[in-house]
Amino acid sequence: MMRTAFLQICLILLLPISALGRTIVVSGGGAVATLKQAIIIANNGDTIIVKKGVYTSLNTIINKPLTILGQDKPVLDARFQEEVVTITSDHVKFDGFVIQNTKTGSMRDFAGIRLSNVEFVTISNNILVNNFFGIYLSNCKHIEVLHNHITGSDNIENSGNGIHLWKCWNILIKGNYVTKHRDGIYFEFAKKSIIEDNISEKNIRYGLHFMFSDDDTYRNNTFKNNGSGVSVMYTRRIKMLNNTFIENWGSSIYGVLLKEITDARIEGNHFTRNTTGIYMENSDRVTVLNNDFLSNGWAIRVLASCNNNKFTQNNFKGNSFDVTTNGTLKNNYFNNNYWDKYEGRPANFGIAGLAG
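So, here is what we can say about the structure in this document. This one's a predicted model, so the numbers in the text were calculated from it and none came from an experiment. (Residues numbered from 1 in each chain as written. Predicted model: local features only at pLDDT ≥ 70, side-chain atom pairs only at ≥ 80, totals over all residues. Heavy atoms only, no water.)

Residues Trp166, Phe189 and Phe212 make up a contiguous nonpolar surface patch of roughly 260 Å² in combined accessible area. Within the secondary structure, Trp166 sits in strand β16 (residues 163-174). Judged by its relative accessible area of 35%, Trp166 falls in the partly exposed class. (Patch = residues over 30% accessible without salt bridge, like charges linked within 9 Å, V, L, I, M, F, W, Y side chains within 5 Å. Areas by Shrake-Rupley, 256 points an atom, 1.4 Å probe, with all protein chains shown as cover. Salt bridge = Lys/Arg side-chain N within 4 Å of Asp/Glu carboxyl O. Helix = DSSP H or I, 4+ residues; strand = E, 2+ residues; numbered from the N terminus. Buried < 20%, exposed > 50% of the residue type's maximum accessible area, 1.4 Å probe, protein only.)

In this model, Phe189 sits at a positive phi of 55°, which is unusual for a non-glycine residue. Along the polypeptide, Phe189 turns up in strand β18 (residues 185-191). We classify Phe189 as partly exposed; its relative accessible area is 36%. The phi angle at Ser295 is positive, at roughly 60°, despite the residue not being glycine. Of note, Ser295 is situated in the loop between β32 (292-294) and β33 (298-302).

Now for the pairing of strand β14 (residues 141-146). In summary, the side chains of a regular strand alternate between the two faces of the sheet. The pairing of strand β11 (residues 119-124) with β14 spans five bridges and is classified as parallel. Its bridge partner being in β14, Thr122 is matched across the sheet by Glu144. Here five bridges tie β14 to β16, and the two strands are oriented parallel to one another. Across the sheet, Val145 pairs through a bridge with Ile173, a residue of β16. (Pairing = 2+ DSSP bridges.)

By themselves, these figures tell us nothing about what the structure is for.
Take a look at the structure:
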């Protein structure tokens, strides 16, 4: 009997926290009327369900491991006075809300949903509207940001970034839609992360902007009609796979700007109707493989400061200019590309001084 009881206790201790929790229901007319009240009375591992309605949320702090679910998209509204939600606990799931109307300011980055110094948090299926910053991650690890719809104010003075990461590691950004923010997705010192299946369009500045963010993979995303396209700077060992860069058009606007990038792989992407498909400066050992460059102004602009880059099996169709440089490209390699302007000249038509 004692052995059986001991084994039962051990099994209980091995259960995940959520399996032991209770459920707390928040509704405007109920005993628990706000999310903040529910968090105060909740124990670690509880589930909080917030019923449909509009709730004022002036920086509600989630400081316990909880599952917090919105039922029929309840609205958490900061009424332009504060942030909406801040998560400071590990092991939180936050799903199914409308998050709106943060305060704006030049001294503080007010966010719809802020994560600070946490791990193993999931932010999913939320609608964020008219916030200064949308989802803001600071010093976080093992986070999932999934299937959120994020719309800013479309005003440069009142717009931060849609999804903003600073000093993060092992983050999954998947299936989100971001528009009308300053930068759609912004990374700084965010490493070993995956960004996939997102749409970032009609943002004021960049659809994607990242710096000092090594070993990340960007795949199956669409960056469309953003103010300055996509900017990739001071980064090593990135992979950009099967993305679409479309209609980023205007003066000094790029499908992708690469500045001081090393050991990168750009493969299977579509660059369509951009002022410049890829612009490269001070970038070395970049492999550009099996991409389509269609109807761009300049397909590729490679400055003479770039070395040991390989351009292989790419398709160049309908561009005003296929490849240009401000000097020589003798330290870069073009092989087995398709040029629609080819008229029986050497295999790398349009690139002076290169062998076939």
